[in-house]
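# A look at the structure
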Amino acid sequence: MFKDLDWRSAARRSAVVVAIYLGVFYLLSVAFPESFRLRSSQDVTALLINAVFFFLIFTLIYALLDRRRARMMAEARKKREEGSARPEPGPLKGKPNPNTSRRKAARRRR
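The rules we used
- Residues numbered from 1 in each chain as written.
- Predicted model: local features only at pLDDT ≥ 70, side-chain atom pairs only at ≥ 80, totals over all residues.
- Heavy atoms only, no water.
- Helix = DSSP H or I, 4+ residues; strand = E, 2+ residues; numbered from the N terminus.
- Rg over C-alpha atoms; globule rule 2.2 N^0.38 Å.
- Contact = heavy atoms within 4.5 Å.
- Areas by Shrake-Rupley, 256 points an atom, 1.4 Å probe, with all protein chains shown as cover.
- Lys, Arg positive; Asp, Glu negative; His and termini not counted.
- Charge placed at Lys NZ, Arg CZ, Asp CG, Glu CD.
- UniProt positions renumbered as here; feature names shortened; annotations may be inferred.
- Axes fitted to C-alpha atoms, helices over the stretch in contact; angles between N-to-C directions.
- Parallel < 35°, antiparallel > 145°, perpendicular 65-115°, else oblique.
- Left-handed = near helix turned anticlockwise from the far one by under 90°.
- Expected span 1.5 Å × (residues − 1).
- Buried < 20%, exposed > 50% of the residue type's maximum accessible area, 1.4 Å probe, protein only.

### Description of the overall build of the protein chain
The helix and strand tally for the protein chain stands at 4 helices and 0 strands. Each helix and strand of the protein chain, ordered N terminal to C terminal, gives the series α-α-α-α. Against the compact-globule benchmark of 13 Å for 110 residues, the protein chain has a radius of gyration of 31 Å, which places it well outside the compact range. The principal-axis extents of the C-alpha atoms in the protein chain amount to approximately 95 × 40 × 15 Å. Pairs at least 24 apart in sequence give 78% of the contacts found in the protein chain among residues at least 6 apart. By element, 60% of the accessible surface of the protein chain is carried by carbon and sulfur atoms, the whole surface being about 9800 Å². Both charge centroids of the protein chain, one from 24 positive and one from 9 negative side chains, sit 19 Å from each other.

### Some points on the UniProt feature "transmembrane region" (unreviewed entry) in the protein chain
Feature annotation in UniProt places "transmembrane region" (unreviewed entry) on residues 12-32 and 44-65, given in this structure's numbering. Its end C-alpha atoms 30 Å apart, residues 12-32 is made of 95% helix and 0% strand. Across residues 44-65, helical content stands at 100% and strand content at 0%; the span's end C-alpha atoms are separated by 31 Å.

### As for the packing of helix α1 (residues 7-31) against helix α3 (residues 41-83)
It is the contact of α1 with α3, at a shortest axis distance of 7 Å, that shows an interaxial angle of 140°. Looking at the two axes, α1 sits oblique to α3. Viewed along their axes, α1 and α3 form a crossing whose handedness is right-handed. From α1, Trp7, Ser9, Ala10, Ala11, Arg13, Ser14, Ala15, Val17, Val18, Tyr21, Leu22 and Phe25 reach across to α3, where they touch Leu47, Asn50, Ala51, Phe54, Phe55, Phe58, Thr59, Leu60, Tyr62, Ala63, Asp66 and Arg69.

### Some words on α3
Look at α3: 62 Å from first C-alpha to last across 43 residues, which is about the 63 Å you get at 1.5 Å a residue. Three or more residues of α3 are buried, namely Leu47, Ala51, Thr59, Tyr62, Ala63, Asp66 and Arg67. The elements touched by buried residues of α3 are α1.

### Details of the environment of Arg69
In this structure, Arg69 sits in helix α3. Under the relative-accessibility criterion, Arg69 is labelled partly exposed at 46%.

### Describing unusual backbone geometry
At Asp4, a position not held by glycine, the phi torsion is positive, near 65°. Counting through the fold element by element, Asp4 comes out in the segment before α1. For Asp4, a relative accessible area of 60% puts it in the exposed group.

And the structure:
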């Protein structure tokens, strides 16, 4: 299940998300101190524990998503390479289309 995962890029992305989470929480505690105040060191440690927990979960999720995206891209590339081979020209290549009727075309012109 955890084979072929790119942990480094997933960790970077989740670190950015957790940094945004901490920054937003800090801004809210400054803007609305009654609702989002960090009253004691216990509140700060609880916030940091939540941030570490979110970091671990987001890292796993982003690693799985990156692996899925890489697999889908490889499948699409493979299909595109298989589909790029042109089929051989048919026996009517360069000849008039036999499905058209010259009489109908002449009637329409009149």
